[in-house]
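# Analysis of the macromolecular model
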Amino acid sequence: MIDVLFILPPFVSDRCPSMALSLFKTVLYQNNISCEILYANILFKKELPFLLYDKIAVSDNTHLLSEFIFSSSAFKKDNTLKNAHAEFHKKYKDKKFKTAIYNEHISISEIEQCITSIESHRKELKRLILQKKPKIVGIQISYNQICYSIVLAELIKSIDEKIIITAGGYNCQMPMAEEIVSLTNDIDYIFSGEADSAFPEFCLNVKKNILPQEKIIVCGIEEYLDEHPLPDFSDYLQQSSQIPFYSVTRWLPIENSRGCWWGEQSQCSFCGGNGNAISYRKKSNTVISRQMKNITSLYNSEKIYPTDIINPPNFTEILSRSESSLASDLYYEMRPTVPFEELYMYKKAGLLLCQPGIETFNDTLLSILNKGTSAVKNIEFLRNCISLNI
């Protein structure tokens, strides 16, 4: 029996562990709360033919294929949905859905394979939950995971209605949390916002038989990131190694900052990535450098990607003080205003991949979007990346 079981739903990529759940696991153990993470995304991938999971994981979000796959199981009594499914199959029987994997598409028959795999997946989930006997289950709900979470919550309550089911994640921010509450009665509590402190406190109170009166627990923002410990990736590494054909390169996440320093000055007009947590907070350079080195040595991995949505403004101080690369392969999201000299320092530190915020090469649109850059600067950044083999 364990106190808390976290579950990460499909179709999140299985190439890396959950930063949030891995950090929670460490914090809970520090509070003498037993905890494990169940990677249901890896479990479901094992049910599917090779490459199918990956194709859906990187499919066009506008199709909402991952929500569609679990929608019938989530809303069994909805006759309108049954008719919509029939219409969908009729309308798109010959359609090939786009995916980010080169020269690959997703057919209706492959989507049907996923749907028919749900029942065996449910049985395996039930076996594992009965084996672990958690008092609390925490579901991470981010992009395209709502229907799966409804199915999962219903399954858990059918196993033992006394299990307390909680949910958190990007799609649980207000007002989305209220919509999830309207869709299911099986999720007992939803944490909206940064629950780093609120969730461990909740678990400690559960041990004392103290439960919140409100179903939605609105959390504040975490001010002091230096106090956050190293995340625990052991569950991910153990479970991902069980896939027979698993040869995908694993990337390990690290969190150096939260919020967006550019958004504090002039938020991009389309931005929705931070909600109320746009306030920029960053770990000290000493802590960032130490934790990045500790993760690479502890898990024997040289592939690191910071979860920051923007590169820290003074990250070059860390790069300049580093005697060697921070990782052999480093991935970062960054603004295309980073000059060549700074980009060169990133490359020396191990930068292999970057995701620049380039939405368009039209100056008028860039101004409307409050991007703080220009078409020429965007092109210059791409040229610099090519010249540095990034």
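## Points about the overall build of the protein chain
Of the regular secondary structure elements, the protein chain holds 17 helices and 14 strands. Taking 390 residues into account, the globule formula puts the C-alpha radius of gyration at 21 Å, and the protein chain, at 22 Å, falls close to it. Once the C-alpha set of the protein chain is aligned to its principal axes, its extents read approximately 60 × 55 × 40 Å. The contacts in the protein chain between residues at least 6 apart in sequence include a share of 73% that link residues at least 24 apart.

## Concerning the side chain of lysine 283
If you trace the backbone, lysine 283 turns up in the loop between strand S11 (281-282) and helix H13 (285-298). The charged side chain of lysine 283 is buried without a salt bridge, its nearest counter-charge being glutamate 255 at 5.0 Å. Polar contacts involving the side chain of lysine 283 include one to the side chain of glutamine 291, which spans 2.7 Å. Among residues more than four places away in sequence, those in contact with lysine 283 are Leu225, Asp226, Glu255, Asn256, Ile288 and Gln291.

## Overview of the sheet that holds strand S13 (residues 329-334)
Here we have four strands laid out as an open sheet, ordered S9-S12-S13-S14, and parallel in their pairing. Two strands bound the open sheet, and with one partner strand each, they are strand S9 (252-254) and strand S14 (351-356). Here the strands of the sheet are splayed against their neighbours by 25° on average, with no regard to which way each runs. Note that S9 and strand S12 (residues 303-306) share three bridges and pair parallel. Across the sheet, residue proline 253 finds its bridge partner in S12, namely tyrosine 305.

## As for the layout of surface pockets
Volume-wise, the second largest pocket comes out at about 210 Å³. Taken together, 16 residues make up the lining of the second largest pocket; nearest its centre are Leu38, Leu128, Gln238, Gln239 and Gln242. At the level of elements, strand S2 (35-39), helix H2 (40-47), helix H7 (118-132) and helix H11 (234-240) are the ones that each hand at least two residues to the lining of the second largest pocket. Counting residues per element, the lining of the second largest pocket draws most heavily on H7, at five residues. Its residues placed into classes, the lining of the second largest pocket shows six nonpolar, four polar and six charged.

## Some words on a nonpolar patch on the surface
A grouping of Phe361, Ile379 and Leu382 is seen on the molecular surface, where their side chains present a nonpolar patch of about 270 Å² in accessible area. Tracing the chain through its elements places phenylalanine 361 in the loop between S14 and helix H16 (363-368).

## Some points on empty space enclosed by the protein
Tallied over the full model, the rule gives one cavity of 30 Å³ or more. Here the largest cavity is characterised by a volume of approximately 40 Å³. Considering the residues around the largest cavity, the lining is formed by Phe70, Ile118, His121, Arg122, Leu125, Tyr148, Val151 and Leu152. When residues of the lining of the largest cavity are traced back to their parent elements, those giving at least two are H7 and helix H8 (146-159). Among the elements that line the lining of the largest cavity, the one with the most residues is H7, at four residues. Partitioning the lining of the largest cavity into residue classes produces six nonpolar, one polar and one charged.

## Regarding H2
Burial within H2 is extensive, with six of its eight residues counted as buried. Looking only at H2, the buried set comprises Ala40, Asn41, Ile42, Leu43, Phe44 and Lys45.

## Thoughts on the packing of aromatic side chains
If you walk through the whole model with that rule in mind, you get 17 aromatic pairs. Pairing phenylalanine 11 with phenylalanine 44 gives two aromatic rings, centres 5.7 Å apart and planes at 85°, and the pair type is edge-to-face. Of this pair, phenylalanine 11 sits in the loop between strand S1 (2-8) and helix H1 (19-30) while phenylalanine 44 sits in helix H2, and the two are 33 residues apart along the sequence. For the residue pair phenylalanine 11 and phenylalanine 44, the accessibility class agrees, reading buried in each case. Through successive ring pairs, a cluster of aromatic residues spans Phe6, Phe24, Tyr189, Phe191, Phe199 and Phe202. The residue whose ring lies beneath lysine 303 is tryptophan 251, and the NZ or CZ to ring-centre distance is 5.5 Å. Of note, arginine 335 hangs over the ring of tryptophan 262, and the distance from its end group to the ring centre comes to 4.1 Å.

## Quick look at the sheet that holds S2
Sheet architecture is open: six strands sit in the order S2-S1-S5-S6-S7-S8, paired in parallel fashion. Strands with a single pairing partner mark the edges of an open sheet, and in this sheet they are S2 and strand S8 (216-218). Mean inter-strand twist for the sheet, computed between neighbouring axes without regard to direction, equals 20°.

## Overview of the environment of serine 269
Here serine 269 shows up in the loop between helix H12 (261-266) and S11. In the structure, serine 269 is positioned 102 residues away from lysine 371 in sequence and 8.3 Å away in space, judged by C-alpha atoms. Side-chain polar atoms of serine 269 contact the backbone oxygen of isoleucine 368, separated by 3.4 Å.

## Quick look at the environment of glutamate 380
Looking at the secondary structure, you find glutamate 380 in helix H17 (residues 375-387). Using a relative accessible area of 39% as the deciding quantity, one classes glutamate 380 as partly exposed. Here the alpha-carbon distance between glutamate 380 and methionine 334, two residues 46 residues apart in the chain, equals 14 Å.

The rules behind the values
- Throughout, a residue's number is its position along its own chain's written sequence, starting from 1.
- Where local features are concerned, this predicted model is filtered to residues with pLDDT of at least 70; where side-chain atom pairs are given and counted, the filter is 80 or more; whole-chain, interface and lining totals use all residues.
- Only hydrogens and water are removed before side-chain values are computed, so all heavy atoms of the structure are retained for them.
- Going along the chain from the N terminus, every DSSP run of H or I of four or more residues is numbered as a helix, and every run of E of two or more is numbered as a strand.
- What the globule rule says is 2.2 Å times the number of residues to the power 0.38, and the radius of gyration is computed from C-alpha atoms.
- Note on definitions: a residue-residue contact is assigned when non-hydrogen atoms from the two residues lie within 4.5 Å.
- Whether a residue is buried, partly exposed or exposed follows from its accessible area with a 1.4 Å probe, protein chains only, as a fraction of its type maximum: under 20%, in between, or over 50%, in that order.
- We treat Lys and Arg as the positive residues and Asp and Glu as the negative residues; His and chain ends play no part in the count.
- Each reported salt bridge corresponds to a side-chain nitrogen of Lys or Arg within 4 Å of a carboxyl oxygen of Asp or Glu.
- Identification of polar contacts relies on pairs of N or O atoms within 3.5 Å, with a donor-acceptor requirement for protein atoms, meaning one able to donate a hydrogen and the other able to accept it, and with residues adjacent in sequence counted only if both atoms are side-chain atoms.
- At least two DSSP bridges between two strands are needed for those strands to be called paired.
- Helix axes are fitted to C-alpha atoms over the stretch in contact, other axes to C-alpha atoms as well, and angles between N-to-C directions run from 0 to 180 degrees.
- The pocket and cavity definitions rest on a 1 Å grid over protein atoms only: a 1.4 Å probe that fits but cannot leave marks a cavity, an open set with protein on both sides within 12 Å along at least five of seven lines marks a pocket, and residues lining either have an atom within 4 Å of a point.
- Grid points are joined across faces, edges and corners, and a volume is the space filled by probe spheres set on the points.
- Throughout, the ten residues Ala, Val, Leu, Ile, Met, Phe, Trp, Tyr, Cys and Pro are labelled nonpolar, Asp, Glu, Lys and Arg are labelled charged, and all others, Gly among them, are labelled polar.
- Only residues whose relative accessible area exceeds 30% and that take part in no salt bridge are eligible for patches, with like-charged residues grouped when within 9 Å of each other and nonpolar side chains (Val, Leu, Ile, Met, Phe, Trp, Tyr) grouped when within 5 Å.
- Note that accessible areas follow from Shrake-Rupley with a 1.4 Å probe, and for residues the cover is restricted to the protein chains shown.
- Pairing of aromatic rings covers Phe, Tyr and Trp, the last through its six-membered ring, and needs centres within 6.5 Å; plane angles under 30 degrees mean stacked, over 60 mean edge-to-face, and all others mean tilted.
- Whether a charge lies above a ring is judged from NZ of Lys or CZ of Arg, which has to be within 6 Å of the ring centre and within 35 degrees of the ring normal.

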